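Structure assessment
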Amino acid sequence: MRVCLRMLKPVWLVVVVAGMAIGLGSPAGAQMVGATPPMGWNSWNFFARKVTDKDIRDTADLLVSTGMRDAGYVYVNIDDTWEGDRDAQGRIQSNSKFPDMKALADYVHSKGLKLGIYSSPGAKTCAGFEGSLGHEERDAQTYADWGFDYLKYDLCSYRTVMEAQAPNDPAAQYKLMRQAYEKMHQAILKTGRPMVYSLCQYGWDSVWDWGPSVGANLWRTTGDISANFDRMSTLGRSQAGLTKFAAPGHWNDPDMLEVGNGKLTHDENATHMTLWAMLAAPLIAGNNLTQMTPDTSAILMNKEVIAIDQDALGKQGDRIYAEGPIEIWAKPLKNGSKALAVFNFMDTPSEIRGIGLHLKEAGFKGQVTARDVWAGKDLGKIGDDYKFSLPKHGVLLLVVR
């Protein structure tokens, strides 16, 4: 469920160069988790509180039939509202919408996919269902027994614990928060089952600084996203400067993808996908797969864009130039090339007169060999005098070397 927080108006151009990644901090010999930014689908953006066992099974089928699984979207994540009561031994039960979690996991796994679940370190989840407070080891073992591969752990009601135990003392409250996330991390390790561990606590207390120390594979750096351009672009642009905190196994997470949702235009969806790829962000879709248009499908499954996100070097891109609504971001790739993204965040088309690619700031001298990723064509040799224009909220993505 969503209670994680929310941010201007962009148009983008991206230039790219090739890449790939590796794993997460775990005990020696343990299976590496989150080597590249996790890719999958989450139930909240479309189904919200109404998600059911059938919805998850149908989604698994659609991830296969649409080609999304083969494009890399392998996690099927159940968000909030699956939880029932606890039995006499304190073991969490699923509610009537999910009659048999083990059978559901077996079905998802049979499709070559992985299954994710949701909880909170508090007594209640964001939607008011049963949280994990005081039951961390028991819940982690239950998830492992059911066959889950991913846990999203949302702060939610644990904030009341923080406030009650350390009133008017933010430093002490944040210490309690870190301890709560570490407690579930240790519980997951004890199960022996590899699980992606996703922290949702809105970026409080500079989570990028300590997320890896509590075993997180990814951590929300922002409040909640929504399916509008201003919010999406604000969250994405807020990631500037966080590059050094991302690495194989540990990723900054500006929230799930809204590609295909709301009234986002083709250019806005392309900008969204481009920005998240430049950020080496987790690619967790949340659209209605039963009504996915060819345009949405082409954006979500563009292999070259996904390759930029999943590059094995594991480097997050950063902003190298900004003037008014125009921003240029660069992302180093493993093969020595770079992805360059030029964004136009203006509400009107822009010819971007006089604005070059700023190749020097990207680390290049003179001309480069470039490929226009979204157009799917090679541009040959280009320099800072390369001329281009961008539509409202548009983007150009290139790979350069």
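This text follows the structure it describes.
Every value quoted in this text rests on a predicted model; they were computed, and no experiment measured them. For every chain, the first residue of the written sequence is number 1, and numbering continues from 1 onward in sequence order. It should be noted that, the model being predicted, local features are given only for residues of pLDDT at least 70 and side-chain atom pairs only at 80 or more, the latter also being counted only at that level, while totals for whole chains, interfaces and linings use all residues. Water and hydrogen atoms play no part in the side-chain values, which are based on all heavy atoms of the structure.

Here is a general trend for soluble globular proteins: nonpolar side chains tend to be buried in one another's company. By convention a nonpolar core is built from buried Ala, Val, Leu, Ile, Met, Phe, Trp, Tyr and Cys residues, the set being connected through side-chain atoms within 4.5 Å. Partly exposed residues are those whose accessible area sits between 20% and 50% of the maximum for their type, while under 20% is buried and over 50% is exposed, using a 1.4 Å probe and protein chains only. Ile56, Tyr73, Trp82 and Met273 are the most contacted members of the largest nonpolar core, which has 91 residues in total. Think of it this way: any DSSP run of H or I at least four residues long counts as a helix, any run of E at least two long counts as a strand, and we number them from the N terminus. Here this core takes 7 residues from helix H7 (residues 170-191), the largest share from any one element. Residues in contact with tryptophan 82, not counting those within four places in the same chain, are Ile92, Gln93, Ser94, Asn95, Phe98, Met101, Ile117, Tyr118, Tyr143 and Trp146. In terms of nonpolar packing, the next biggest core, distinct from the first, is built from 19 residues, Leu340, Ile355, Leu357 and Ile382 among them. Residues count as neighbours in contact if any of their non-hydrogen atoms are within 4.5 Å of one another.

Attention now goes to the pairing of strand E2 (residues 39-42). The side-chain alternation of E2 yields two buried faces, one formed by Met39 and Trp41 and the other by Gly40 and Asn42. Pairing between strands is defined by DSSP: at least two bridges between them are needed. As defined by bridge partners, E2 adjoins strand E11 (residues 283-285) across 3 bridges and the pair is classed as parallel. Bridged to methionine 39 within E11 is leucine 283.

Turning our attention to the packing of helix H9 (residues 229-237) against helix H10 (residues 266-278). Here H9 crosses H10 at 20 degrees, and the two axes come no closer than 10 Å. Here H9 lies roughly parallel to H10, going by the angle between them. Along this stretch, H9 crosses H10, giving a crossing that reads as left-handed. Across from Phe229, Met232, Ser233, Gly236 and Arg237 in H9, the residues of H10 making contact are Glu268, Thr271, His272, Leu275 and Trp276. The class makeup of the residues in the contact of H9 with H10 is 4 nonpolar, 4 polar and 2 charged. The angle between two axes is taken between their N-to-C directions and runs from 0 to 180 degrees, where each axis is a line fitted to C-alpha atoms and a helix contributes only its stretch in contact. Each angle receives one of four descriptions, namely roughly parallel if under 35 degrees, roughly antiparallel if over 145, roughly perpendicular if within 65 to 115, and oblique otherwise. By the definition used in this description, the sense in which the near helix is turned from the far one sets the handedness, with an anticlockwise turn below a right angle giving left-handed and a clockwise turn giving right-handed. Note on residue categories: nonpolar means Ala, Val, Leu, Ile, Met, Phe, Trp, Tyr, Cys or Pro, charged means Asp, Glu, Lys or Arg, and polar means any other residue, Gly included.

On to the layout of surface pockets, then. The volume enclosed by the largest pocket comes to roughly 270 Å³. Lining the largest pocket are 18 residues; nearest its centre among them are Val33, Gly34, Tyr75, Lys114 and Val196. Split into classes, the residues belonging to the lining of the largest pocket amount to 11 nonpolar, 5 polar and 2 charged. Cavity means a closed set of points on a 1 Å grid over the protein atoms alone, one where a 1.4 Å probe fits but cannot get out, pocket means an open set with protein on both sides within 12 Å along at least 5 of 7 lines, and lining means a residue has an atom within 4 Å of a point. Grid points are joined across faces, edges and corners, and a volume is the space filled by probe spheres set on the points.

A word on the state of the cysteines. Put simply, a disulfide is two cysteine sulfurs that come within 2.5 Å. Counted according to the given criterion, the structure contains 1 disulfide. Sulfur-sulfur distance for the disulfide between cysteine 126 and cysteine 156 comes to 1.8 Å. In this structure, the disulfide formed by cysteine 126 and cysteine 156 twists by about -75 degrees around the S-S bond and is classed as left-handed. Within this pair, whereas cysteine 126 is found in the loop between strand E6 (114-119) and helix H5 (136-146), its partner cysteine 156 is found in the loop between strand E7 (150-154) and helix H6 (158-165), the two being separated by 30 residues in sequence. By relative accessible area, which is 4% here, cysteine 156 ends up buried.

Turning to the sheet that holds E7, a few remarks are in order. Strand order in the open sheet formed by 8 strands is E10-E9-E8-E7-E6-E3-E2-E11, with parallel pairing between adjacent strands. Either end of the sheet is taken by a strand with one partner, and the two such strands are strand E10 (251-253) and E11. Recorded for the sheet is a direction-independent mean angle of 25 degrees between the axes of neighbouring strands. Of the strand pairs in this sheet, E6 and E7 are connected by 4 bridges, and their pairing is parallel. What sits directly across from serine 119, in E7, is tyrosine 153. Where helix H4 (residues 101-110) meets the sheet, it contacts strand E3 (75-77) and E6, and its direction lies at approximately 140 degrees from that of E6.

Compared with an ideal rise of 1.5 Å per residue, which puts 22 residues at 32 Å, H7 spans 32 Å between its outermost C-alpha atoms and is within 8% of the ideal. Those residues of H7 not exposed but buried are Gln173, Leu176, Met177, Ala180, Tyr181, Met184, His185, Ala187, Ile188 and Thr191. At the C-terminal side of H7, glycine 192 shows a positive phi close to 80 degrees. Multiplying 1.5 Å by the helix residue count minus one yields the expected span of that helix.

Moving on to the environment of threonine 290. By the secondary structure assignment, threonine 290 is in the loop between E11 and helix H11 (294-300). Of the residues examined, threonine 290 reaches a relative accessible area of 59% and is grouped as exposed.

The next subject is unusual backbone geometry. The backbone of alanine 48 shows a phi angle near 50 degrees, a positive value even though the residue is not glycine. Summarising the element assignment, alanine 48 is placed in the loop between helix H1 (44-47) and helix H2 (53-65). Here the phi dihedral of asparagine 168 falls at roughly 60 degrees; this positive angle occurs in a residue that is not glycine. For asparagine 168, the position within the fold is in the loop between H6 and H7. According to the relative accessible area criterion, asparagine 168 is exposed, its value standing at 79%.

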